[in-house]
Each structure stands twice: as structure tokens, then as C-alpha cells.
Amino acid sequence: MTARLRSAPIETRATLLRGLWAVFAGLLLAACAGGGASRPDAFRDARANAVSMHAIGLVGTPYRYGGNTPAGGFDCSGLVGYVYRESAGLALPRSTADLARMDAREVDADALRVGDLVLFGSRRRVDHIGIYVGEGRFVHAPSTGGTVRLDSLDADYWKRRVRGGRRLI
């Protein structure tokens, strides 16, 4: 995402997101009408892509502990909850610990798919969460004073801390 888009007002990013939704709706209709992927797979892929694109569209939003809206900022679990609620219609638990304990399919870090939750921590404790967006990258709200950002799972810090994921879609 370019610096110009990251610094754009929330309203500009929202307009871009609405345009992306229209594209994904068209792709969903085309996939369901075509003879390629089955309808459930096409629907899953469209929802996962919508989650991914929505998360990417929030890159640059300020971090705020306890935050769960674009206007007020996000912490990591607030970002995840907001994106899944708005993009996939799923109401998720609010805390990172509760998200990690959800009754959802567990996924190894090397088997993540677009739209999966990525869990981070040390030893057995999960203390951070993000959304996998493909190509080894994830979107998350990392820390006080920062902004929502796109990072690589290959970075040494994240590689040491990744604890797998959860597949909700």
C-alpha cells in the first residue's frame, strides 16, 4: 500500500473498500456460475478475500489499546473482530486469549490460507493476533504509538513467535 493511501482520510479508504467489495461480489458471482471451483469453495474464497482486503485497507489506522473501530483506532484483537464482523458477518470474542481458545480449526503456520487468524506468543501463551493475507504476510495492530501494518512472517521476530493459526472461514 502506498504511503499516499495510508495517509488518506478514513473516508477515502472507505470509498476504495466499497469499490473492492463490488469487484469481489462480481468475482463471487462469476465463480459460482462457472464450472471451475465448487460453490462452497468459491464462497469461502470470496469471504476470505474480502477479509484480507478489508484488513489491508485498514493499514495506517492508529493503534489504540482497547480500540475496535477505524475512527477510534485498533488493538490487535479489536482489528480482528472488526474486520471479521464487517467483512464476513462473524461475531468473535474480544480478547486475544479468547480468540486463541475459539472452537475453530487449528492450522499450522506453514498451512495458513488467506483470511486465517495468525497467533503469536511465547511458550504456550498467545499474546498477539493478526490476519493472514497471503504470500507470507499478515495485517495486525502491533503496539502503542504505532499503526495497523502489513508485516512478513519471515521477519526474525515474528518467525520466532508464530504459534499457528485458526481457520474461521
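Residues numbered from 1 in each chain as written. Predicted model: local features only at pLDDT ≥ 70, side-chain atom pairs only at ≥ 80, totals over all residues. Heavy atoms only, no water.

Undergrad: Quick question: what am I supposed to make of the pairing of strand β4 (residues 117–122) here?
TA: Within a regular strand, side chains alternate between the sheet's two faces. Among the six residues of β4, five are classified as buried, and the element is accordingly described as predominantly covered. Counted along the chain from β4 to the antiparallel partner strand β5 (residues 125–134), the turn is two residues long, and its residue Arg123 has a positive phi close to 55°. (Buried < 20%, exposed > 50% of the residue type's maximum accessible area, 1.4 Å probe, protein only. Helix = DSSP H or I, 4+ residues; strand = E, 2+ residues; numbered from the N terminus. Pairing = 2+ DSSP bridges.)

Undergrad: Honestly, the nonpolar core in this entry has me stumped. Any pointers?
TA: Most often, soluble globular proteins keep nonpolar side chains buried together rather than apart. Of all hydrophobic cores here, the largest spans 29 residues; its most connected members are Leu79, Val80, Val83, Tyr84 and Val139. If you list the elements that add at least two residues to this core, you get α3 (39–57), α4 (76–88), α5 (96–100), β4 and β5. Take this core: its biggest share by element is seven residues, from α4. The residues contacting Leu79, other than those within four sequence positions of it, are Leu58, Phe74, Val139, His140, Ala141 and Val148. Counting residues in hydrophobic clusters, the runner-up holds nine residues, among them Val118, Leu153, Trp158 and Val162. (Core = buried A, V, L, I, M, F, W, Y, C linked by side-chain atoms within 4.5 Å. Contact = heavy atoms within 4.5 Å.)

Undergrad: Looking at this model, I keep getting lost on the pattern of salt bridges. Mind explaining?
TA: Following the criterion strictly, the structure yields nine salt bridges and no others. Notably, a salt bridge pairs Asp116 with Arg167, separated by 2.8 Å at the nearest N-O pair. Of this pair, Asp116 sits in the loop between β3 (105–107) and β4 while Arg167 sits in strand β8 (residues 162–167), and the two are 51 residues apart along the sequence. In this structure Arg167 comes out as buried when scored by relative accessible area, which is 9%. A salt bridge links Arg161 to Asp127; the nearest nitrogen and oxygen atoms lie 2.6 Å apart. Here Arg161, found in helix α6 (residues 156–161), pairs with Asp127, found in strand β5; they are 34 residues apart in sequence, far enough to count as distant. Here the residues in one salt-bridge network are Arg125, Asp127 and Arg161, joined through shared partners. (Salt bridge = Lys/Arg side-chain N within 4 Å of Asp/Glu carboxyl O.)

Undergrad: Just checking my understanding: could you explain the packing of α3 against α4 for this structure?
TA: The geometry of a pair of packed helices is captured by two quantities: the angle between their axes and the separation between those axes. In contact at an axis separation of 9 Å, α3 and α4 are set at 130° when each is read in the N-to-C sense. Here α3 lies oblique to α4, going by the angle between them. Taken as a pair, α3 and α4 cross one another with a handedness that is right-handed. Taken together, the residues of α4 that come into contact with α3 (itself represented by Arg47, Ala50, Val51, His54 and Ala55) are Tyr82, Val83, Tyr84, Glu86, Ser87 and Ala88. Taken together, the residues of the contact of α3 with α4 sort by class into seven nonpolar, two polar and two charged. (Axes fitted to C-alpha atoms, helices over the stretch in contact; angles between N-to-C directions. Parallel < 35°, antiparallel > 145°, perpendicular 65-115°, else oblique. Left-handed = near helix turned anticlockwise from the far one by under 90°. Nonpolar A, V, L, I, M, F, W, Y, C, P; charged D, E, K, R; others polar.)

Undergrad: Is there a simple way to think about the sheet that holds β5 in this case?
TA: Strands belonging to one sheet form pairs held by backbone hydrogen bonds; the direction of such a pair is parallel or antiparallel. Strands sit in the order β3-β8-β4-β5-β6-β7 across an open sheet of six strands; the sheet is antiparallel. The open sheet has two free edges, formed respectively by β3 and β7 (149–152), since each of these has just one partner strand. Sheet twist, expressed as the average angle between the axes of neighbouring strands with direction ignored, equals 40°. Sheet analysis places β3 next to β8, joined by three bridges and oriented antiparallel.

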